[in-house]
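# Inside the fold
Here's the letter readout for the chains.
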Amino acid sequence: MPAIDLPDAEAQCAQLAELIRPRLRPDTVLVGIHSGGAWVARRLREILELRNEIGLIDVSFYRDDYGARGLHARVRPSSIPFDVEGRPLILVDDVLYTGRTTRAAINELFDYGRPASIQLAVLADRGRRQLPICADFCPWKVDLDPALELVLSTDASGRLQWSLAENAHA
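Reference entry: report on the structure contained in this document.

Counting its regular elements, the protein contains four helices and six strands. In the protein, the succession of α and β elements from N to C terminus is α-β-α-β-α-β-α-β-β-β. Looking at the protein as a whole, 43% of its 170 residues qualify as buried. A separation of at least 24 residues holds for 67% of the contacts in the protein among residues at least 6 apart in sequence. Of the accessible surface of the protein, which amounts to about 8,800 Å², a share of 48% is contributed by carbon and sulfur atoms.

Structure below.
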């Protein structure tokens, strides 16, 4: 596997929060995509000291490749504990790559109502989009071989960390 210096994911969360802070409104809510985006959304809520609860969504049933990929082994329930209608939302994910997960998340959010706006915040943008989707907030753009997957996880103490995996979706 090629050597690449992976950044500190916790420091990236702090950078991402500072990118978001100037555009926050009192009624803005975060919605994290399971699982990496959910971890990042929770961390952003802490850093930004937001009072609003965050939403969590699992887009498994909304993916356009559901028929080909089947159901992921760890499907989690979506939880949107607020009224989406007319609210500014920030959709949070760990990695933006093809854009298909983001598209699926937007489709799911509209099932809950019509938000005033949806902005996208990610820790990493890999490029190589298949759909016209871009991040509004992103501290790291990285060009990786398509055979590599950028994986966000938590260590034993709960800190976010990056790793690389080979050939996950190539």
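Further remarks concern the environment of asparagine 52. Looking at the element boundaries, asparagine 52 is found in the loop between helix 2 (36-48) and strand 2 (55-57). Between the alpha carbons of asparagine 52 and proline 81 there is a distance of 9.5 Å; along the sequence they are 29 residues apart. When neighbours within four sequence positions are excluded, asparagine 52 is seen to be in contact with Pro26, Asp27, Thr28, Val29, Arg45 and Arg87. There is a polar contact of 3.2 Å between the side chain of asparagine 52 and the backbone oxygen of proline 26. A distance of 3.0 Å separates a polar atom in the side chain of asparagine 52 from the backbone oxygen of threonine 28.

Our focus in this paragraph is the nonpolar core. Ranked by size, the top nonpolar core spans 30 residues in total, and within it Val40, Leu44, Leu150 and Trp162 carry the most contacts. Where this core is concerned, the elements lending two or more residues are helix 1 (9-20), helix 2, strand 3 (88-96), strand 4 (117-125), strand 5 (148-154) and strand 6 (160-166). Apart from residues lying up to four places away in sequence, tryptophan 162 is in contact with Leu6, Pro7, Ala9, Gln12, Asp94, Val95, Leu123, Ala124, Trp140, Leu150, Val151 and Leu152. Counting 18 residues, the second largest nonpolar core, distinct from the first, contains Val29, Leu96, Leu109 and Ile133.

What counts, and where the lines are drawn
- Residues numbered from 1 in each chain as written.
- Predicted model: local features only at pLDDT ≥ 70, side-chain atom pairs only at ≥ 80, totals over all residues.
- Heavy atoms only, no water.
- Helix = DSSP H or I, 4+ residues; strand = E, 2+ residues; numbered from the N terminus.
- Buried < 20%, exposed > 50% of the residue type's maximum accessible area, 1.4 Å probe, protein only.
- Contact = heavy atoms within 4.5 Å.
- Areas by Shrake-Rupley, 256 points an atom, 1.4 Å probe, with all protein chains shown as cover.
- Polar contact = N/O pair within 3.5 Å; in protein donor to acceptor, adjacent residues only side chain to side chain.
- Core = buried A, V, L, I, M, F, W, Y, C linked by side-chain atoms within 4.5 Å.

Geometry only, nothing functional implied.
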